[in-house]
Amino acid sequence: MSWLAPAVLALLHALYRLVLVFKSVFCWDKEPLPLTATRSKTPLHLALVLVPNPAVDEEVNEQYMLESVVQIAGWCKAAGIRRLSVYDREGILASSSLGLRRRLLPPSHAEEIEEDSPVECSIRYPLTPPPSDDADSRPLSPHSRPISPKLGVTTIRFPNNAPKSKSKTSANRVSTKRRRIPSNDEKAEEPPLTVHILSYQSGKPAVAAAARAFLDDAQRRQPNNINVSSALPSIQELNAILEGEHGFPSPDLMIVHQKPPVVQLHMPVQLGGFPPWQSRLTEIYCDPCPPTIRLWQESPLGNKASIEETEFRRALDEFASAEMRLGK
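Residues numbered from 1 in each chain as written. Predicted model: local features only at pLDDT ≥ 70, side-chain atom pairs only at ≥ 80, totals over all residues. Heavy atoms only, no water.

Moving on: the overall build of the chain. Counting secondary structure elements, the chain contains 10 helices and six strands. Burial status across the chain gives 36% buried among its 328 residues. When the accessible area of the chain is evaluated, it comes to approximately 19800 Å², of which 56% is carbon and sulfur surface. (Helix = DSSP H or I, 4+ residues; strand = E, 2+ residues; numbered from the N terminus. Buried < 20%, exposed > 50% of the residue type's maximum accessible area, 1.4 Å probe, protein only. Areas by Shrake-Rupley, 256 points an atom, 1.4 Å probe, with all protein chains shown as cover.)

The structure is reproduced here in structure tokens:
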């Protein structure tokens, strides 16, 4: 009777695979709500994890990612989502950030926004107004400069729809960089959409860079007598760096998508090293019935950008029906 247990196990595996094949080929999901429909709740910050297909060329994967970001950005603006974070582990989008800007932004604003990226701009403007000539308002030590490690985040801000002249815009840009961050009651001045481009360097390496920056700052303050335990940052301090001006805040919803064609019937959900600090309370969505594995659609999807509006709307519906317990 030693053969009975392996036979039963093989039978269960065969039945499970038949169920996966049936669900993959015949997937009758109800039609999601329209893009502009009113939902019980809508994410303010959406994250998109794009997984390239190793079986195709890098140029094909890059084209797939660029087209997906352009489509998702348009859907986010239509659905009222104010922030979009796009992640790919290999940094394909980060290396193509200039081309992505030209696709997303109008020509009159593309060059302006390039200078505002904290990663690519070497000039760091303070959040507060510059010190006056009064000696009491000057910093007492050169060690009082803010800690701003490189977090590997490239930010693209969409311009407001209000028309402005070129000279007036450049003047406003300088003054805006020297003001404090606007409060919640000034949302009318916020850009309609902010896009963050992330890679693996935005995750664990960014956390290590922030911790190293705190340690270096403590070493500059006390070069001869440094206490490592006192130099360690608190959770609030580390969170202010990673989710601050040069980082990105925590997403409300994350969509994981792989470049077609998908070779397996049921792909495991893999985040590919997405920044763990910002994904503690994020709802994760992965299409349980991707159309890439349907037999009658297998051939034309090889060169097609796989992200579709139906999947995007279905993710919004799933988020609207999710129960947020926040770890409780």
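Next comes the rest of the account.
Before going further, it helps to spend a moment on the side chain of threonine 155. Mapped onto the elements, threonine 155 comes out in strand β3 (residues 154-157). Polar contacts involving the side chain of threonine 155 include one to the side chain of histidine 196, which spans 3.1 Å. (Polar contact = N/O pair within 3.5 Å; in protein donor to acceptor, adjacent residues only side chain to side chain.)

With that settled, consider helix α10 (residues 309-321). Owing to its 3.6 residues per turn, the α-helix aligns residues three or four sequence positions apart on the same side. Across its 13 residues, α10 extends 19 Å between first and last C-alpha, which sits within 8% of the 18 Å expected from 1.5 Å per residue. Every buried residue of α10 is accounted for by Glu311, Phe312, Arg313, Arg314, Ala315, Leu316, Asp317, Phe319 and Ala320. Each element contacted by the buried residues of α10 is listed here: β1 (45-51), α2 (58-79), β5 (253-258) and β6 (283-286). (Expected span 1.5 Å × (residues − 1). Contact = heavy atoms within 4.5 Å.)

With that settled, consider the sheet that holds β5. The strand order across the open sheet built from six strands is β3-β4-β2-β1-β5-β6, with neighbouring strands paired in mixed fashion. A single partner strand is all that each edge strand has here, and the edge strands are β3 and β6. On average, each strand axis in the sheet is inclined to that of its neighbour by 20°, with strand direction left out of account. Two elements, β3 and strand β4 (residues 194-198), share four bridges in a ladder whose sense is antiparallel. Residue threonine 154 lies in a different strand from β4, and its bridge partner there is isoleucine 197. Across the sheet, helix α4 (residues 97-104) lies against β3 and β4, angled at about 15° from β3, the strand it touches most. (Pairing = 2+ DSSP bridges. Axes fitted to C-alpha atoms, helices over the stretch in contact; angles between N-to-C directions.)

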